[in-house]
Amino acid sequence: MLSTRTACGRAVAFVVPDMAMAAAMAAVVYLFLLFGGATALFHDSDAGWHIRNGERILQSHVLPRVDAFSFSKAGEPWMAWEWGADVVTGAVHQAAGLGGVALLYGMAIGAAVWMWFGLNWAAGGNFLLACLFAAPMLSTASLHWLARPHILGWLFLIGTVWVAEKPLTHVRGSVKHLAGIAVGSAVWANVHASFLLAPVVFGIYGAGVVLRRMIWTGGDARNEGPYFVAAGVSLVATLANPAGWRLHQHVIAYLTDTALLDRIGEFQSFNFHSEGSMQIVLGLAIAFAGAFAALVVKRPERFLLSILLSLGALRSARALPLAALLALPLANGSITEMLSLSRGLARPLRRWLDDALSYGERLRGVDRQFHGAALIPLVVCGVLAWAGPRAAFPAAEFPVNAAAKIAELPADARIFAPDKFGGYLIYRFNGQRKVFFDGRSDFYGADFLARYGRVMAARPGWREEFGHWNFSHALVPPEAAIAGALEDAGWMELYRDRTAVLLEKPNGGGL
């Protein structure tokens, strides 16, 4: 009888989802049914060159060393620093097209949501607060729901903080633990540039142990040594990439090049006055509150990490999802502990807090009995069936309809086009038609972006700059200043829609 009940219990747990699984599936359903994930994931055309680069690697079994996609910097040295993600994405695309790519990144987003709840539990967070914080987390993270390698980087980053939240009490007994950290860091270094955060996170947690001993009496059962060892192991493991230490040098140089980053939109501050931004503001407020709650409960490492993430989010919109994915679970753990330890409160308030916290614990007790893993294949099949025939780069943002006319141009046509169009053209023509510019900003550099910006805005000096490249055609948004300037200069219109206008240099014409 007992074995039968146990088997039934396991079967129920296998089918009924816990909160983490339910939220992950809800996020995936929302992504594809309401958020428009079949096309929304491709709002950034960088997905195009990532796919084609991955397919080239699979075909040649060789990592690219020079640029093969542009005519403006053809043959110049290029570091494909996210080649691992490119290979995975390219393989999925070969097997299932853009629908498969949408499925890959959609499921990665679902996995990030699932891991976010896991980090809440690892930090000692309350069930009710986790449910409450999930809304601002999803609103903030959705800012960068794109089919790009950074989504995979989220998984490694959440996992790193999850591991750091577990007590690392000694080195000898953590050999298996450290081996896992090494393997994960090595893989991460070949997938996304955020791998440098692994040693930073472990270092912050080690510093937290030291600070706790320096600031508060009573000592600390934990030892900072294993955290610093983990930081060193993760840093050394990231050298296991084709470029070795030069990858680290390249990433650091890129992230400290203010002249370049100032010209990239996603590295600018988020507009907190935009419509629907209140959830994002709320998320940052919770992160800051959690940071100071961490000091109350003597967790300086959480304070340091949360403040670092929050300040980064204020400086760059690209860091906003990181703050939501990491700082909110830590805030949950710190706020929960602070509320449970608060003394001197009025009895009604104290009773209400105790009841609420206790109720959340009971819900978590019930929740941990389930996992719902059996539903994953159903979600995968459902997403593939839905996204497969619908997945595409949105025609309202990219020259999808103009592509047929572009295909008629000579193979050596030198087309001036913005970086957003460039990534799509690389995808559409499988890298065979070389582009002027695409989203690899680290490759093109700040000076190139400045010259490109002068041409797009038709600012003084644009004619000399434009003529330098000897363009034969131009493919630009109709409202771009350069479109009107070229038409005034006699360039002939070959195609026009709401997204793009294709112009051709007149015979014997200037520029």
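Our subject is the structure listed above.
So, a few notes on the structure that sits alongside this text.

The rules behind the values
Residues numbered from 1 in each chain as written. Predicted model: local features only at pLDDT ≥ 70, side-chain atom pairs only at ≥ 80, totals over all residues. Heavy atoms only, no water. Helix = DSSP H or I, 4+ residues; strand = E, 2+ residues; numbered from the N terminus. Rg over C-alpha atoms; globule rule 2.2 N^0.38 Å. Buried < 20%, exposed > 50% of the residue type's maximum accessible area, 1.4 Å probe, protein only. Contact = heavy atoms within 4.5 Å. Areas by Shrake-Rupley, 256 points an atom, 1.4 Å probe, with all protein chains shown as cover. Lys, Arg positive; Asp, Glu negative; His and termini not counted. Charge placed at Lys NZ, Arg CZ, Asp CG, Glu CD. Expected span 1.5 Å × (residues − 1). Arc of directions from axis to C-beta. Pairing = 2+ DSSP bridges. Axes fitted to C-alpha atoms, helices over the stretch in contact; angles between N-to-C directions. Core = buried A, V, L, I, M, F, W, Y, C linked by side-chain atoms within 4.5 Å. Patch = residues over 30% accessible without salt bridge, like charges linked within 9 Å, V, L, I, M, F, W, Y side chains within 5 Å. Salt bridge = Lys/Arg side-chain N within 4 Å of Asp/Glu carboxyl O. Parallel < 35°, antiparallel > 145°, perpendicular 65-115°, else oblique. Left-handed = near helix turned anticlockwise from the far one by under 90°. Nonpolar A, V, L, I, M, F, W, Y, C, P; charged D, E, K, R; others polar. Phe/Tyr/Trp six-rings, centres within 6.5 Å; stacked < 30°, edge-to-face > 60°. Lys NZ or Arg CZ within 6 Å of the ring centre and 35° of its normal.

Observations regarding the overall build of the chain
Helix and strand counts for the chain come out as 22 helices and four strands. Against the globule reference of 24 Å for 511 residues, the chain gives a C-alpha radius of gyration of 26 Å, in line with a compact fold. By principal-axis analysis of the C-alpha atoms, the chain measures approximately 85 × 55 × 50 Å. Looking at the 511 residues of the chain, the share that counts as buried comes to 52%. Contacts in the chain between residues at least 24 apart in sequence constitute 72% of all its contacts with a sequence separation of at least 6. Roughly 22,400 Å² of accessible area belongs to the chain as shown, and the carbon and sulfur atoms make up 64% of that amount. Between the centroid of the 42 positive side chains of the chain and the centroid of its 36 negative side chains there is a distance of 9 Å.

A word on helix 17 (residues 375–387)
Relative to the 18 Å expected for 13 residues at 1.5 Å per residue, helix 17 spans 18 Å between its end C-alpha atoms, a close match to the ideal helical length. By the burial criterion, the buried members of helix 17 are Leu375, Val379, Val383 and Ala387. With its buried residues spanning 80 degrees around the axis, helix 17 presents them on a single face. Those residues of helix 17 that are exposed and aimed more than 90 degrees away from the buried face are Leu378, Cys381 and Ala385.

Overview of the sheet that holds strand 4 (residues 501–504)
Reading across from one edge, 1-2-4-3 is the order of the four strands in this open sheet, with mixed pairing throughout. Of all strands in the sheet, those bounded by a partner on one side alone are strand 1 (415–416) and strand 3 (492–496). Both strand 3 and strand 4 contribute to a ladder of four bridges, which runs antiparallel. In the sheet register, methionine 492 faces strand 4, and the bridge partner there is glutamate 504. Lying on the sheet, helix 22 (residues 481–488) is in contact with strand 1, strand 2 (473–476), strand 3 and strand 4; it crosses strand 4 at an angle near 35 degrees.

With respect to the nonpolar core
Within soluble globular proteins, side chains that are nonpolar generally end up buried alongside one another. Formed by 150 residues in total, the largest nonpolar core has its most connected members in Phe42, Phe416, Leu475 and Ile482. Top element by residues in this core is helix 5 (residues 83–122). It accounts for 15 residues. Those residues within four positions of phenylalanine 416 in sequence are excluded, and the remaining contacts are Phe436, Tyr452, Val455, Met456, Phe466, Phe471, His473, Ala474, Leu475, Val476 and Ile482.

Considering the pairing of strand 2
Look at any regular strand and the pattern is simple: side chains alternate between the two faces of the sheet. Here strand 2 shows no split at all, with His473 and Leu475 on one side and Ala474 and Val476 on the other all buried. Summarising the sheet, strand 1 and strand 2 pair through two bridges and their orientation is parallel. Along strand 2, the bridge assignment pairs isoleucine 415 with histidine 473. Strand direction decides the pairing type here: strand 2 and strand 4, joined by four bridges, are antiparallel. Counted as the bridge partner of alanine 474 is leucine 503 from strand 4.

Quick word on a nonpolar patch on the surface
A contiguous nonpolar surface patch, about 510 Å² in accessible area, is contributed by Val29, Tyr30, Leu33, Leu34 and Trp386. Here the nonpolar patch gets three residues from one element, more than from any other, and that element is helix 2 (residues 19–33). You can see leucine 34 is positioned in the loop between helix 2 and helix 3 (37–40). Its relative accessible area of 69% is what places leucine 34 among the exposed residues.

Section: the packing of helix 14 (residues 300–315) against helix 15 (residues 320–341)
Contact pair helix 14 / helix 15: the axes reach a minimum separation of 9 Å and the direction vectors enclose 150 degrees. Compared by their axis directions, helix 14 and helix 15 come out roughly antiparallel. Helix 14 and helix 15 meet at a crossing whose hand is left-handed. Of the residues in helix 15, those in contact with Arg302, Leu305, Ser306, Leu309 and Ala313 of helix 14 are Leu320, Leu322, Ala323, Leu326, Ala327, Leu330, Gly333 and Ser334. Each residue belonging to the contact of helix 14 with helix 15 can be placed in one class, and the counts come to nine nonpolar, three polar and one charged.

Focus on the packing of aromatic side chains
Inspection of the entire model under this criterion finds 39 aromatic pairs. Between phenylalanine 416 and phenylalanine 436, the ring centres sit 5.4 Å apart and the planes meet at 40 degrees, which makes this aromatic pair tilted. Within this pair, whereas phenylalanine 416 is found in strand 1, its partner phenylalanine 436 is found in the loop between helix 19 (419–428) and helix 20 (441–456), the two being separated by 20 residues in sequence. Here phenylalanine 416 and phenylalanine 436 have matching classes, each one buried. Ring centres 5.1 Å apart and planes at 70 degrees place the aromatic pair phenylalanine 443 and tyrosine 444 in the edge-to-face group. Since its relative accessible area comes to 9%, phenylalanine 443 is described here as buried. Classification of tyrosine 444 as buried rests on a relative accessible area of 4%. Note that lysine 420 overlies the ring of phenylalanine 398, its terminal NZ or CZ placed 5.4 Å from the centroid. Over the face of the ring belonging to tryptophan 78 we find arginine 440, whose NZ or CZ atom lies 4.8 Å from the ring centre.

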